[in-house]
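Each chain is listed here by its residues.
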Amino acid sequence: MFVAIVLLVLVLGTVAFHFLSPWYFTPIASNWTSMDDTVTLTFVMTGLGFVLINLFIAYCVIKFRNKDGRRAEYEPESVKMETWLTILTTVAIAAMLAPGLLIWGEVVTPPDDAAEVEVLARQWNWSYRLPGEDGQLGAVAVSHTTTDNPLGIDPSDPFGQDDIVIYDPVLHLQADQAVTFLLRSNDVLHNFTVPQFRVKMDFVPGQVSYIWAEPEVEGSYDLLCEELCGVGHYAMRGRVIVDGEEAYAAWLADQPTFAETQIGLNTDVAAGQAAYAVCSSCHGANAEGNKAMHAPRLAGMDNEYMRRQLRHFKRGVRGTHEDDAWGQTMAPMAMMLADAAAINNVVSYIDTLSGQPQFNGGAKLGLSAAVERYEPSASGDPTKSKALYESTCAQCHGDLGQGVWTVNAPALTGLEDWYLASQIKNFRDGIRGRHADDLYGLQMGLVSNTMTDDQSIEDMVAYIATLENTQQSVKLAQQK
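Now for a quick tour of the structure. (Residues numbered from 1 in each chain as written. Predicted model: local features only at pLDDT ≥ 70, side-chain atom pairs only at ≥ 80, totals over all residues. Heavy atoms only, no water.)

Some thoughts on the packing of helix α7 (residues 303-315) against helix α8 (residues 325-334)
How we decide: Helix axes are fitted only over the stretch in contact, all axes being lines through C-alpha atoms; the angle between N-to-C directions runs from 0 to 180 degrees. Per the convention used, a helix needs a DSSP run of H or I reaching at least four residues, while a strand needs a run of E reaching at least two, with both numbered from the N terminus. Our angle categories are set so that under 35 degrees counts as roughly parallel, over 145 as roughly antiparallel, 65 to 115 as roughly perpendicular, and the remainder as oblique. Only heavy atoms enter the contact rule, under which two residues are in contact if any of them lie within 4.5 Å. Gly counts as polar in this scheme, as do all residues outside two lists: the nonpolar Ala, Val, Leu, Ile, Met, Phe, Trp, Tyr, Cys and Pro, and the charged Asp, Glu, Lys and Arg.
It is at 8 Å that the axes of α7 and α8 come closest, and there the two elements cross at 95°. When the axis of α7 is compared with that of α8, the two are roughly perpendicular. Of α8, the residues touching α7 (which contributes Leu310, Phe313 and Lys314) are Gly327, Met330, Ala331 and Ala334. Of the residues belonging to the contact of α7 with α8, the class tally is five nonpolar, one polar and one charged.

Put into structure tokens, the structure is as follows:
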């Protein structure tokens, strides 16, 4: 009797948990309500089977329990029972599988008027590409992949020149517009999942897989990789923002084409020099920086990192926190750069600067501040943070702090110690990196929490100061 009661309690508790649990589907935001219907059907079929089987076991435990004078009966087989079980299980499985097969036919058949978006996954971030004015995506190949062309677009293909490229992990889509996602991986298996869209698909290296959906609810949604893809899998986060028609058009107009991203194709260094005149009041005529203005040295800083931060300042992703006084000062300066071309121009001009401070009459120091080696901070002990750097920071920023472009991690060597310490503190304290669109900042916020106090940050900065990025040092020496 006790066993039968336990089984009944198990059945009642399971059913109650299913209906009362707060953990269930995220609200659907696309056309795939049929996905929810098939899952509900599966819950009903399997749940009904679970309840009936356990109730039957409880019934048998009570009815055929041990009694004085009762003998157990042995029946080696029952054709009637086996026949009924076979029929019932066959019908139940067919009832669950048949709708799924019909829906799968819809999943692999996108509408003719669906827009195309290419999604590139690599360890451990996302990039995107959309057709330009010609409505056609250009050819791609892994052999074309470089730091200046991370999507591997064929530079000789005229159809690729006007392709819209998005290197940030945030993708915008237009509501009520069907979209076919072309999925491409540069390295290992990944997976494309927006839980609110209800469809998902794997990236397979060497081929282009696809999935489609029609977003119907405006909002911001997480993009997840649900295929274990390496040590940084947990941090491979993206975001899909569904906009109205006007907001989407405004966002799209602000995105660069492939041709605009290529250094030397449409870069106007003279225009960048004119734009930098405003920047020089804080960052210096030669981008040497000014600690009193909390303006870091820009000479020698990673170019793509500077572009991304300028975009973030323009969009309010950075520089809006109430405690980020210096960021709030920088935000209106970034707004003066009208578009992606202007950002590219000013960054290209900064790349020509030496980082040498200028004094009255334009006289320069004999030693370039851009190549000067930092000494470890007097208050920091590099030996205490070496293990932490190697186990966490090096995974993205490199063993020598040289930065790793495939994960959009900038070089840390060459950054001023005071600036590096202040930014780590900002990440740790939530002043920076908490905006929903700052996916890399969110990752940095998690990592910075491993440095629990200011002393541990000083130790980390002191260790980074002992590293030497040979490639960067050669570049800065050439500028000198």
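Additional details are given in the paragraphs that follow.
Describing helix α1 (residues 2-20)
The cut-off we apply is this: To estimate how far a helix should extend, the number of its residues minus one is multiplied by 1.5 Å.
The end-to-end C-alpha separation of α1 is 26 Å, in line with the 27 Å expected for 19 residues at 1.5 Å each. Each element contacted by the buried residues of α1 is listed here: α2 (33-63).

Brief notes about the pairing of strand β4 (residues 170-174)
Note the following rule: Each residue's exposure class comes from its accessible area (1.4 Å probe, protein chains only) as a fraction of the maximum for that residue type: buried when under 20%, exposed when over 50%, partly exposed otherwise. A pair of strands is labelled paired if DSSP reports no fewer than 2 bridges between them.
Taken across its five residues, β4 has four buried, putting it largely inside the fold. Two strands pair when backbone bridges link them, and β4 and strand β10 (residues 237-243) are joined in this way by five bridges, in the parallel orientation. Across the sheet, residue leucine 171 finds its bridge partner in β10, namely valine 240.

Things to note about a negative patch on the surface
For the record, the criterion: Only residues whose relative accessible area exceeds 30% and that form no salt bridge are eligible for patches; like-charged ones are grouped when within 9 Å, while nonpolar side chains (Val, Leu, Ile, Met, Phe, Trp, Tyr) are grouped when within 5 Å. All accessible areas in this document rest on Shrake-Rupley with a 1.4 Å probe, and a residue is counted as covered only by the protein chains that are shown. Salt bridge, as used here: a side-chain nitrogen of Lys or Arg that lies within 4 Å of a carboxyl oxygen of Asp or Glu. In this tally, Lys and Arg are treated as positive and Asp and Glu as negative; His is ignored, and so are the chain termini. By convention, the charge on Lys lies at NZ, on Arg at CZ, on Asp at CG and on Glu at CD.
On the surface, a cluster of negative charge is contributed by Glu73, Glu75, Glu77 and Glu82. For glutamate 77, the location among the structural elements is in the loop between α2 and α3 (79-107). Assessed through its relative accessible area of 55%, glutamate 77 is described here as exposed.

Let's talk about the side chain of glutamine 309
Positionally, glutamine 309 belongs in helix α7. Residue classification places glutamine 309 among the buried positions, given a relative accessible area of 9%. Setting aside anything within four residues of it in sequence, one finds glutamine 309 in contact with Arg318 and Arg432.

Thoughts on the environment of threonine 257
For threonine 257, the location among the structural elements is in the loop between α4 (245-253) and α5 (258-261). Exposure remark for threonine 257: the relative accessible area of 18% places this residue in the buried category. Residues threonine 257 and tyrosine 74 lie 183 residues apart in sequence; the distance between their C-alpha atoms is 78 Å. If we skip the residues at most four places from it in the chain, threonine 257 touches Gln161, Asp162, Asp163, Ile164 and Val165.

Geometric values such as these leave the question of function open.
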